[in-house]
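Chain residues, written in single-letter form:
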2 protein chains.
Amino acid sequence: MDKKYKRIIYLQDKPREVAVKEILAHFNPQREFEWMDSSEALGRITAEPVFAHNSMPHYHASAMDGIAVRAEDTFLAHEQNPIQLKRNEDFIYVDTGNEIPSPFNAVIMIENVDEIADDVVEIIEPAAPWAHIRPIGEDIVQEEMLFPQGHKLRPVDIGVLLASQTTRIKVMKKPTVMIIPTGNELVMPSENSAPGKLIEFNGTVIASYIKEWGGEPKLHSIVRDNPSEIKEALLQAVDSSDIVVINAGSSAGSKDYTVHLIEELGEVFTHGVATRPGKPVVLGKINDTIVVGIPGYPVSAYLALEWFVRPLVCDYLGITEPKRQRLKVKLGRRIVSTMGAEDFVRMTIGHVNGEYIANPLTRAAGVTMSLVKADGMLIVPPDKLGYEQGDEVELELLKPVDEIATAVVFNGSHDLTIDILSSFLRSELKGAKIISSHVGSMAGIMAIRKGEAHIAGIHLLDPETKEYNRSYVQKFLAGGDVVLYPFLRRTQGWLLPKGNPLSIHDVTDISKSHALYVNRQKGAGTRILFDLLLRENGIDPEQINGYDREMFSHLSVAAEVKGSPSAVGLGIYPAAKSMGLDFIPVADEEYDLLMTKAFFESEMGQQLVRIIQSEAFRARVEAIGGYSVVIDPTPVFY
Amino acid sequence: MDKKYKRIIYLQDKPREVAVKEILAHFNPQREFEWMDSSEALGRITAEPVFAHNSMPHYHASAMDGIAVRAEDTFLAHEQNPIQLKRNEDFIYVDTGNEIPSPFNAVIMIENVDEIADDVVEIIEPAAPWAHIRPIGEDIVQEEMLFPQGHKLRPVDIGVLLASQTTRIKVMKKPTVMIIPTGNELVMPSENSAPGKLIEFNGTVIASYIKEWGGEPKLHSIVRDNPSEIKEALLQAVDSSDIVVINAGSSAGSKDYTVHLIEELGEVFTHGVATRPGKPVVLGKINDTIVVGIPGYPVSAYLALEWFVRPLVCDYLGITEPKRQRLKVKLGRRIVSTMGAEDFVRMTIGHVNGEYIANPLTRAAGVTMSLVKADGMLIVPPDKLGYEQGDEVELELLKPVDEIATAVVFNGSHDLTIDILSSFLRSELKGAKIISSHVGSMAGIMAIRKGEAHIAGIHLLDPETKEYNRSYVQKFLAGGDVVLYPFLRRTQGWLLPKGNPLSIHDVTDISKSHALYVNRQKGAGTRILFDLLLRENGIDPEQINGYDREMFSHLSVAAEVKGSPSAVGLGIYPAAKSMGLDFIPVADEEYDLLMTKAFFESEMGQQLVRIIQSEAFRARVEAIGGYSVVIDPTPVFY
């Protein structure tokens with residue numbers, strides 16, 4: 001460790017707005033322009049007001065096929081008084097788009113012209129002055145301002161540029177943003193990643209955002225956690241870019257060199273903002289180029305990028321930052337926040353029973369999937385301790401509201417067949433979509449009860465009756481206008497490392513062998529099954545190594561078992577199959593769909609039932625192994 | 001004319017929704033897929049559900065620099081009971097991202113570790129199991145479904161693909177759309193356009209839309225209005241594309257070949273839809289490829305493209321059509337519509353006095369600028385005769401609502417300095433924007449009165465007092481909380497063809513020489529000035545050739561004068577200068593800004609006043625010629 005950089009300092013808690021204002025005040029790039037062909041300028045930003053080079057039309061143009069006349073000559077024409085006109089004296093033939101030469105000032109459609117002799121026509125209706133003529137500049141007048149500066153060119157804008165023969169246009173150059181990924185543990189996505197090596201993907205994501213916002217990203221190769229290498233990369237970058245983004249190393253730990261290097265080479269304005277996640281940000285300047293140090297955790301990184309780099313890109317281009325659509329929602333769960341920091345909570349939104357209900361996803365900054373899954377973002381201001389369940393709050397939307405409004409909200413226990421069901425539904429009903437959260441069977445029942453979901457997948461064994469699901473629905477939802485739809489029979493069993501090294505065949509083997517048991521969360525059907533097995537065999541949970549650590553899906557359990565030779569878990573066959581694990585069947589269980597009555601009876605609900613009962617769906621599900629679909633079941637209403 | 005195609009048929013009035021459904025039912029393309037690098041797939045659409053290739057992290061990874069320990073060994077540690085650990089037996093050193101090998105199950109941060117001897121450390125706090133460890137699959141679990149099919153990949157999605165080593169991805173091929181422009185009058189934008197030739201720009205605009213919607217446009221060269229050439233182009237196109245768009249020739253005139261050719265080569269489903277504009281549409285199929293014939297007028301063309309081609313592109317890709325945001329507005333004017341057809345009215349929207357007020361732009365299908373300027377689209381359903389002024393209606397937005405909400409609405413008489421003012425304002429206040437409609441001084445006063453504008457530019461000469469503006473404001477707006485801000489002195493004069501061929505020097509020369517006078521609309525300050533000149537010189541308007549035809553701006557007048565050697569108009573100096581016309585001064589007039597008091601006193605209003613009084617603005621305006629800015633005037637409150 002390089003002692004020079006070892007001192008530990010503490011992060012500031014600067015309000016985000018203040019930090020943005022400061023960095024914008026220090027941003028003073030050499031703005032550049034470029035001239036380009038208008039036909040190529042889609043999406044570019046005008047560098048100055050644009051004036052029409054020519055009028056459109058640029059001459060008086062016929063709007064019809066017909067004859068051009070002097071309107072005055074035709075005023076007396078009617079059926080009892082046909083008027084004859086001589087070609088080249090009183091009229092000329094014109095086609096659509098032809099020029100109307102002076103002194104002609106009206107067009108009569110060819111359908112209303114009677115050719116009575118060579119070069120003589122007869123008309124029986126008068127023509128109004130300027131009838132069927134597109135006068136000069138009808139659409140665009142020469143020297144008219146077409147667009148102000150800072151205008152993003154849309155397809156129709158390209159049209160008026162070309163129509164007015166404004167064939168070249170001055171646009172803002174795209175600001176170049178150099179992205180420097182740092183970290184000893186990083187390897188490129190193309191490289192083989194051994195344990196201890198993590199794929200560098202933040203750089204590509206950051207580059208994609210910069211591109212979307214109108215900048216020109218340049219992705220630097222990975223730089224090791226070494227002050228002199230980072231220093232060299234920084235110095236090169238500030239000389240060749242309008243903005244520099246350095247990823248990770250932005251906090252205040254012993255290997256976080258960013259802040260020290262910027263201080264050494266230039267000036268630091270901010271180290272730490274009052275946000276969660278995204279706090280460890282460094283904002284500074286080297287040789288007149290702004291350098292933004294952003295955290296390594298993906299969610300923090302992308303948020304910090306949007307807060308501090310997007311305003312710079314927009315400022316360079318002279319445009320306002322696009323704002324997200326907002327939506328009022330009801331909170332399905334309590335949100336706890338701390339004073340003094342803005343909280344950015346990724347939320348799912350479901351449209352159930354005419355209400356938008358939002359629930360928080362994990363708040364861990366390292367979970368990229370929370371951003372992928374999020375429908376919206378709740379920003380809790382620094383002076384708020386949070387919100388209560390049921391509160392109405394406004395979210396920034398990350399997905400179109402129409403998509404959210406029509407999505408089927410699936411909750412409860414995870415099963416792979418739900419993904420297949422979603423695919424089938426999507427190809428039957430364009431735009432239909434199932435959004436699912438995997439929270440376990442009991443939480444699924446609660447979600448239906450609280451009106452947060454349309455469907456829940458449940459497989460809950462009643463230890464008394466040995467029956468699945470019914471007694472639970474009866475207990476928690478009787479009279480709640482719900483339907484229990486018998487769906488699958490599936491096999492649960494032991495998930496074991498290939499070759500079953502500890503020779504585990506039943507629950508007593510697990511406790512005897514001191515195997516690491518990979519458990520599921522409380523309320524999950526699989527957890528209830530395991531607890532029943534323990535009780536039936538008189539085993540105390542204390543005797544189970546790993547009992548207290550909880551995983552949230554079959555796949556998580558399987559991934560964990562795959563990673564440890566002494567591990568074992570309980571789960572469904574396809575999870576074992578997809579990870580190449582051994583599988584020993586334990587029990588056949590009933591995995592059913594609990595739906596609100598309103599959804600079950602809706603068009604979408606009935607479509608879903610038809611799909612489930614189709615040959616194609618059944619064949620696809622049963623091909624996985626360990627499944628059978630219940631044929632023509634009787635739905636039970638509660 | 002080719003007799004075979006001369007018969008005239010009448011257009012259908014098929015409801016748009018019905019026509020769309022039919023064409024979608026007939027659309028049965030050979031959908032193709034392609035595999036590509038995930039890092040290149042931004043914006044592409046997934047062709048099938050995507051599952052994670054590996055977990056992220058794919059091993060238990062340290063989240064800190066420190067030591068990996070067995071949590072059980074540390075439980076009893078506290079300040080009074082330090083625990084010593086031996087390297088490689090009880091702990092190993094780990095850096096962020098390093099693998100935590102079994103049996104270690106917790107990490108203690110290096111800051112909390114005391115190195116008391118070689119290979120011996122002491123700790124005084126217990127570590128919780130799994131503390132500072134990112135377990136396998138914390139972010140992404142192997143085989144987890146990352147995205148359903150039909151998902152458009154965003155930057156963060158590229159991140160999870162790379163993070164999970166899902167380096168290749170199957171996406172939908174972009175459907176190819178061949179665009180065939182037809183017309184004898186058309187020339188390419190690069191060609192020199194003589195009178196009688198119109199620039200072909202629709203093709204480039206259509207191609208840009210197709211690209212935005214996710215298709216692959218191919219732009220055919222211009223095809224002459226000749227059935228055999230068009231037939232050849234069509235047959236080639238349907239063989240090499242997923243969709244064919246043929247532009248113009250879609251109506252029922254003598255040279256509208258599209259419908260006949262599709263009938264001859266395939267099948268026509270629709271010829272004419274009940275919309276205005278956009279009625280003359282042909283929807284058909286040749287050799288199993290959909291052919292869409294769209295009208296030639298730009299506004300009709302782009303609307304028809306969106307109605308009929310976008311659904312096909314989205315259907316091919318398996319995505320839902322994006323919907324526009326909607327906004328409730330109050331109508332500033334009455335909208336008349338006809339029964340039986342949907343009306344698509346381009347509207348401007350101003351946010352004045354806390355209300356969104358919308359006004360219609362021209363409804364001519366040939367005026368592309370109406371689409372450029374439109375903030376929103378009012379769709380009047382077929383069973384409606386229109387709406388009254390003041391009615392609340394919902395518009396589809398064509399611009400972001402934030403942009404509309406903050407724009408300064410300028411109305412009244414046009415002056416070129418308003419564009420300059422807008423540019424200055426924009427560089428001072430990021431995102432600020434002036435949207436202007438040029439409706440003449442009197443209409444500007446009325447717009448302020450009706451609360452439709454923040455500012456109006458007026459130059460109204462009172463024939464009695466020979467004073468500008470004040471008496472009009474007094475008459476129409478006394479007590480209306482408005483401010484008259486003296487702005488410019490500018491010179492009005494005769495706009496004359498270069499060399500002044502008719503030797504016009506005053507208004508009597510105009511009537512005597514029978515020059516074509518290019519007039520302005522009623523209520524325009526310039527029109528009032530001209531009428532006063534006529535009256536003062538005892539000239540009857542009947543004696544003025546062209547008096548009844550009205551133009552709506554100085555530039556339109558100048559463009560018209562430029563086009564006719566015997567024309568003359570009245571207007572401001574810069575209009576003459578920019579079109580290379582002769583100019584003879586007639587009068588110096590007062591062009592002032594009428595503002596609502598609320599706007600004048602707002603931050604934006606005061607900023608505007610500061611800009612007007614700045615050296616830089618004054619220098620820029622006076623450099624044009626024919627202008628002087630009023631220095632430090634006294635605003636008059638009414």
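Look up a bit, the structure's there.
Residues numbered from 1 in each chain as written. Chains lettered and ligands numbered in written order. Predicted model: local features only at pLDDT ≥ 70, side-chain atom pairs only at ≥ 80, totals over all residues. Heavy atoms only, no water.

Caption draft 1: Region of interest: unusual backbone geometry. Residue A:Pro103 is bonded to the preceding A:Ser102 through a cis peptide linkage, with omega at 5°. With respect to the secondary-structure elements, A:Pro103 resides in the loop between strand 6 (91-94) and strand 7 (106-109). Residues B:Arg276 and B:Pro277 are joined by a peptide bond in cis, for which omega reads -5°. Counting through the fold element by element, B:Pro277 comes out in the loop between strand 19 (275-276) and strand 20 (282-286). A positive phi angle, close to 70°, is found at A:Asn88, a residue other than glycine. Relative to the helices and strands, A:Asn88 is located in the loop between strand 5 (83-86) and strand 6. Overall, the relative accessible area of 60% leaves A:Asn88 in the exposed class. With phi around 70°, B:Asp288 is a residue other than glycine that occupies positive phi space. (Helix = DSSP H or I, 4+ residues; strand = E, 2+ residues; numbered from the N terminus. Buried < 20%, exposed > 50% of the residue type's maximum accessible area, 1.4 Å probe, protein only.)

Caption draft 2: Local environment of the interface of chain A and chain B. Contacts between the two partners involve 98 residues from chain A, matched on the other side by 97 residues from chain B. Buried surface at the junction of chain A and chain B, both sides included, amounts to about 8,400 Å², of which 60% is carbon and sulfur. The tally of links from chain A across to chain B stands at two salt bridges. Between B:Lys373 and A:Glu144 there is a salt bridge whose closest N-O contact spans 3.6 Å. In this assembly, chain A and chain B are joined by 24 residue pairs in polar contact (both at pLDDT 80 or more). The greatest single-element share of the side of chain A that touches chain B, amounting to eight residues, is contributed by helix 3 (residues 155-163) of chain A. Its residues assigned to classes, the side of chain A that touches chain B comprises 42 nonpolar, 30 polar and 26 charged. (Contact = heavy atoms within 4.5 Å. Buried area = accessible area lost by both parts, 1.4 Å probe. Salt bridge = Lys/Arg side-chain N within 4 Å of Asp/Glu carboxyl O. Polar contact = N/O pair within 3.5 Å; in protein donor to acceptor, adjacent residues only side chain to side chain. Nonpolar A, V, L, I, M, F, W, Y, C, P; charged D, E, K, R; others polar.)

Caption draft 3: Representation of the pattern of salt bridges within the structure. Residue and element names in this part refer to chain B. Under the defined criterion, the tally for this structure stands at 80 salt bridges over all chains. The residue Glu 306 makes a salt bridge to Arg 324 at a minimum N-O spacing of 2.7 Å. Within this pair, whereas Glu 306 is found in helix 7 (residues 298-317), its partner Arg 324 is found in the loop between helix 7 and strand 22 (326-331), the two being separated by 18 residues in sequence. Judged by relative accessible area, Glu 306 falls into the buried class, the value being 17%.

Caption draft 4: Structural view of the sheet that holds strand 8 (residues 114-117) of chain B. Residues and elements named next belong to chain B. Pairing in this open sheet of three strands is antiparallel, and the strands run 5-9-8 from one edge to the other. Pairing within the sheet leaves two strands with one partner each, and these edge strands are strand 5 (83-86) and strand 8. Pairwise comparison of adjacent strand axes, ignoring direction, gives a mean angle of 35° for this sheet. (Pairing = 2+ DSSP bridges. Axes fitted to C-alpha atoms, helices over the stretch in contact; angles between N-to-C directions.)

Caption draft 5: Main features of the sheet that holds strand 21 (residues 289-294) of chain B. Residue and element names in this part refer to chain B. With mixed pairing, the six strands of this open sheet are ordered in space as 16-13-17-21-20-18. The sheet is open, and its two edges are formed by strand 16 (216-219) and strand 18 (267-271), each paired on a single side. For this sheet, the mean inter-axis angle between neighbouring strands, taken without regard to orientation, is 20°. Contacts from helix 7 reach strand 13 (176-181), strand 17 (243-247), strand 20 and strand 21, with the element oriented near 165° to strand 21.

Caption draft 6: How the structure looks around the packing of aromatic side chains. Residue and element names in this part refer to chain A. Counted by the stated rule, this structure contains 26 aromatic pairs over all chains. Judged by centre distance (5.5 Å) and plane angle (85°), the rings of Phe 424 and Phe 617 are edge-to-face. On the criterion of sequence distance, the pair formed by Phe 424 in helix 10 (residues 416-428) and Phe 617 in helix 19 (residues 615-622) is long-range, its members being 193 residues apart. Of the two residues examined, Phe 424 and Phe 617, each falls in the buried class. (Phe/Tyr/Trp six-rings, centres within 6.5 Å; stacked < 30°, edge-to-face > 60°.)

Caption draft 7: Quick peek at the pairing of strand 17 (residues 243-247) of chain A. Residue and element names in this part refer to chain A. In terms of residue burial, strand 17 counts as a mostly covered element, since five of its five residues are buried. Residues Ile 243, Val 245 and Asn 247 line one face of strand 17 and the alternating positions Val 244 and Ile 246 line the opposite face, and both faces are buried. Relative to strand 17, strand 13 (residues 176-181) is paired through five bridges, and the arrangement is parallel. Across the sheet, Val 177 pairs through a bridge with Ile 243, a residue of strand 17.

Caption draft 8: Representation of the relation of the copies chain A and chain B. Each copy superposes on the other: chain A lies on chain B with an RMSD of 0.1 Å after a rotation of 180° and an axial shift of 0.0 Å. Interpreted geometrically, this transformation is the action of a two-fold axis. Ranked by how close their C-alpha atoms come to the rotation axis, the residues of chain A are headed by A:Gln325, at 4.4 Å. Taken together, the interface assignments show that 99% of the residues at the interface of chain A recur at the interface of chain B, consistent with an identical surface on both copies. (Least-squares fit on C-alpha atoms with pLDDT ≥ 70 in both.)

Caption draft 9: Region of the structure containing the environment of B:Ser564. Tracing the backbone shows B:Ser564 in the loop between helix 15 (554-563) and strand 35 (567-572). Exposure remark for B:Ser564: the relative accessible area of 12% places this residue in the buried category. In this structure, the C-alpha to C-alpha distance between B:Ser564 and B:Leu496, residues 68 residues apart in sequence, is 9.8 Å. Not counting the four nearest positions on each side in its chain, B:Ser564 is found in contact with A:His60, B:Pro497 and B:Leu516.

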